[in-house]
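Here are the chains, one letter per residue:
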Amino acid sequence: MIYFQFLDIRAYVIAYLIISFFGLCIGSFLNVCIYRLPRGESLVKRASHCTTCGSRIHFYDMVPVFSWLFLKGKCRKCGEPISGRYPLVESLNWILYLLVLTFIDVQFYPAQAVLTALFFSVLVVIAFIDYDTMEIHVSQLVLILIIAAASQILSYFMDFGITLSQRIIGALCISIPFFIIGEISAVYIKKKTGERYRGIELGDTFLMLCSGLVIGTKCIIVSAFAGIFIAAVIGLINKARGKDSKFAFGPYLAAGLVIGTLWGNQISDWYLSLFSYSQF
């Protein structure tokens, strides 16, 4: 969090404008990742293009959010609709970066803020790809591991508030139960339906393992419960609408990880304090 007493209001506004710029621009790149990675396409070899007519998109039509609004959600050349997901992803990444700026003390922990923002960007890619394909790709999990390694290395020079033991416990305390539940559910589902698939897929398990190395024990536990709660609510809504009960878990775990990363320690401390008060 940026403390007002230490900043001139102009510096405060400039900070938010800079973060907004990076949040939107990186969000635009995330759209490229979300579209191309599942298709095995290069992220750099081919310029941005219309997915319908294949025409190259010029730089003046790639201003995040605003170009989509100016073009009224249509390709300039062929006039075919451009998915509203593009400005959605850009806006989501922008909002996440603003949350990082607001709730992490950037003045004293700039490295932590940058790594958290990058972590959130990877989660956005994971959430949307998993929603589309029901798969979490190894490349994104590797990026989270790199962020965890960078965070641990930097923690030797500055206080991140997470020890190595907390990272290791955080990696295991949710991923091991997820793995066990996945194995048991796979046997049960096969007996009931004849199909073998896990109630919690391995990709979700590895997502929590890698993320636990980034955010530690308390935050990963809060993240897991938040993600499960959100998924349960969505599942009940889908069931009431008669939709397929099987859906991607990754997007809801990603949402839980955002909650856990930003507020996990506070939520955990508040919950534990309830037990201390109940003793009196």
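Residues numbered from 1 in each chain as written. Predicted model: local features only at pLDDT ≥ 70, side-chain atom pairs only at ≥ 80, totals over all residues. Heavy atoms only, no water.

*Asks:* Before we go on, may I ask you to explain the environment of leucine 164 in this structure?
*Replies:* For leucine 164, the location among the structural elements is in helix α6 (residues 164-193). The exposure class of leucine 164 is partly exposed, given its relative accessible area of 43%. (Helix = DSSP H or I, 4+ residues; strand = E, 2+ residues; numbered from the N terminus. Buried < 20%, exposed > 50% of the residue type's maximum accessible area, 1.4 Å probe, protein only.)

*Asks:* Explanation requested: helix α7 (residues 202-240) in the structure shown.
*Replies:* Each α-helix turn comprises 3.6 residues. Residues three or four places apart therefore point the same way. If you check α7, its first and last C-alpha atoms are just 28 Å apart, much less than what 39 residues at 1.5 Å a residue would give, namely 57 Å. The largest bend along α7 measures about 125° and falls at glycine 216. Phi turns positive, to about 80°, at glycine 242, one or two residues after α7. (Expected span 1.5 Å × (residues − 1). Bend = angle between axes of the 7 residues up to and from the residue.)

*Asks:* Got a minute to help me understand the side chain of serine 223 in this structure?
*Replies:* For serine 223, the position within the fold is in helix α7. Of note is the side chain of serine 223, whose polar atom sits 2.6 Å from the backbone oxygen of cysteine 219. The contact partners of serine 223, leaving out residues within four places of it in the chain, are Met208, Ile215, Gly256, Leu257, Gly260 and Thr261. (Polar contact = N/O pair within 3.5 Å; in protein donor to acceptor, adjacent residues only side chain to side chain. Contact = heavy atoms within 4.5 Å.)

*Asks:* Explain the nonpolar core here, please?
*Replies:* Nonpolar side chains tend to gather and get buried jointly when the protein is soluble and globular. Among the nonpolar cores identified, the biggest contains 45 residues, and Phe119, Phe120, Leu123, Ile144, Leu207, Met208 and Leu257 are the most heavily contacted of them. Those elements giving two or more residues to this core turn out to be α1 (9-36), α3 (85-103), α4 (110-133), α5 (138-154), α6, α7 and α8 (250-278). It is α4 that contributes the most residues to this core, 13 residues altogether. Among residues more than four places away in sequence, those in contact with leucine 123 are Leu207, Ala254, Leu257 and Val258. (Core = buried A, V, L, I, M, F, W, Y, C linked by side-chain atoms within 4.5 Å.)

*Asks:* Explanation requested: the confidence of the model for the chain in the structure shown.
*Replies:* In the predicted model, the chain carries a mean pLDDT of 88, and the fraction of residues at 70 or more is 94%. Looking across the chain, the model is least confident in helix α2 (residues 66-70), with a mean pLDDT of 87, and most confident in α5, with 96. (pLDDT = per-residue confidence, 0-100.)

*Asks:* Looking at this structure, how should I read a nonpolar patch on the surface?
*Replies:* Side chains of Ile153, Tyr156, Phe157, Leu164, Ile168, Leu172, Ile176, Phe179, Ile180, Ile184, Leu202 and Phe206 sit close together on the surface and give an oily, nonpolar patch of about 1200 Å² of accessible area. Within the residue set of the nonpolar patch, elements represented by two or more residues are α6 and α7. Sort the elements by how many residues they give to the nonpolar patch and α6 lands first, with seven residues. Within the secondary structure layout, phenylalanine 206 lies in helix α7. (Patch = residues over 30% accessible without salt bridge, like charges linked within 9 Å, V, L, I, M, F, W, Y side chains within 5 Å. Areas by Shrake-Rupley, 256 points an atom, 1.4 Å probe, with all protein chains shown as cover. Salt bridge = Lys/Arg side-chain N within 4 Å of Asp/Glu carboxyl O.)

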